[in-house]
Amino acid sequence: MCMEIKKVCCCGKNHAFFNLRDNVLIPEAISGLHCPECSTDLEIDPNTMLVDNGWVIAYDMVLAHALFREKLQLDPEDVTPEFIFDNGYATWREIYPGEHEDIKEEKEKIVAILKEDPKRYLVEMRKWANARMERLKKEGWRRAMNA
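Residues numbered from 1 in each chain as written. Predicted model: local features only at pLDDT ≥ 70, side-chain atom pairs only at ≥ 80, totals over all residues. Heavy atoms only, no water.

### A short note on the overall build of the protein
Right, so step 1: On a plain count of helices and strands, the protein comes out with five helices and six strands.
Right, so step 2: If you list the helices and strands of the protein from N to C, you get β-β-β-β-β-α-α-β-α-α-α.
Right, so step 3: When burial is assessed residue by residue, the protein has 36% of its 147 residues classed as buried.
Right, so step 4: Summarising the internal contacts of the protein: among those between residues at least 6 apart in sequence, 51% fall at separations of at least 24.
Right, so step 5: Working note: accessible area of the protein is about 8800 Å², and carbon and sulfur atoms make up 51% of it.
Right, so step 6: Averaging the positions of the 21 positive and the 27 negative side-chain charges in the protein gives two centres separated by 8 Å. (Helix = DSSP H or I, 4+ residues; strand = E, 2+ residues; numbered from the N terminus. Buried < 20%, exposed > 50% of the residue type's maximum accessible area, 1.4 Å probe, protein only. Contact = heavy atoms within 4.5 Å. Areas by Shrake-Rupley, 256 points an atom, 1.4 Å probe, with all protein chains shown as cover. Lys, Arg positive; Asp, Glu negative; His and termini not counted. Charge placed at Lys NZ, Arg CZ, Asp CG, Glu CD.)

### A few points about the pairing of strand E2 (residues 15–21)
Right, so step 1: Where burial is concerned, the two faces of E2 differ: the one with Ala16, Phe18 and Leu20 is buried and the one with His15, Phe17, Asn19 and Arg21 is not.
Right, so step 2: As defined by bridge partners, strand E1 (residues 2–8) adjoins E2 across seven bridges and the pair is classed as antiparallel. Pairing of Met3 across the sheet is with Leu20, part of E2.
Right, so step 3: Hairpin geometry of E1 and E2 is characterised by an intervening segment of six residues between the two adjacent antiparallel strands and by a positive phi of about 80° at Gly12.
Right, so step 4: Note that E2 and strand E6 (residues 91–92) share two bridges and pair antiparallel. Looking at E6, one finds that Phe18 is bridged to Trp92. (Pairing = 2+ DSSP bridges.)

### Remarks on the side chain of Glu99
Right, so step 1: Within the fold, Glu99 resides in helix H3 (residues 99–116).
Right, so step 2: According to the relative accessible area criterion, Glu99 is buried, its value standing at 7%.
Right, so step 3: What Glu99 contacts, discounting residues up to four positions off in sequence, is Glu94, Arg132 and Leu136.

### With respect to the packing of H3 against helix H4 (residues 118–139)
Right, so step 1: It is the contact of H3 with H4, at a shortest axis distance of 7 Å, that shows an interaxial angle of 160°. In terms of orientation, H3 lies roughly antiparallel with respect to H4. Remark: the crossing between H3 and H4 carries right-handed chirality. Taken together, the residues of H4 that come into contact with H3 (itself represented by Glu99, Ile103, Glu106, Lys107, Ile110, Val111, Ile113, Leu114 and Glu116) are Pro118, Arg120, Tyr121, Glu124, Met125, Trp128, Arg132 and Leu136.
Right, so step 2: For the contact of H3 with H4, a count of residues per class yields ten nonpolar, no polar and seven charged. (Axes fitted to C-alpha atoms, helices over the stretch in contact; angles between N-to-C directions. Parallel < 35°, antiparallel > 145°, perpendicular 65-115°, else oblique. Left-handed = near helix turned anticlockwise from the far one by under 90°. Nonpolar A, V, L, I, M, F, W, Y, C, P; charged D, E, K, R; others polar.)

See below:
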């Protein structure tokens with residue numbers, strides 16, 4: 001089971017939704033969020049932060065280590081920001097922040113085909129999804145590259 005949370009970035013201009021996989025972590029495990037606008041002068045600490053295409057997620061690693069040890073018996077040395085993000089324990093709800101809003105219009109055009117031609121809809125949806133994922137990989141989104 002996943003918990004979904006919303007975090008506002010430090011400058012307050014942007015936000016992101018996160019999924020917390022299997023309720024291992026609690027919302028406080030994400031100690032900060034920096035959007036591309038407020039992360040430009042940020043000093044990155046790779047021991048507590050993960051950078052994804054200009055967005056920076058800061059994790060409370062003391063809390064994360066304690067929760068992973070308690071709930072999954074994992075050694076703190078194995079729990080890094082990359083481990084947390086890439087395994088879905090505290091990661092974007094979508095491939096990147098704001099994806100849902102960005103694809104709404106594109107997806108609506110393809111869904112309209114469903115009423116006219118269900119077979120064509122499946123072909124178009126598959127082509128669109130594959131092309132979109134390739135574009136997101138080229139743009140450098142971590143979840144797309146690891147998909």
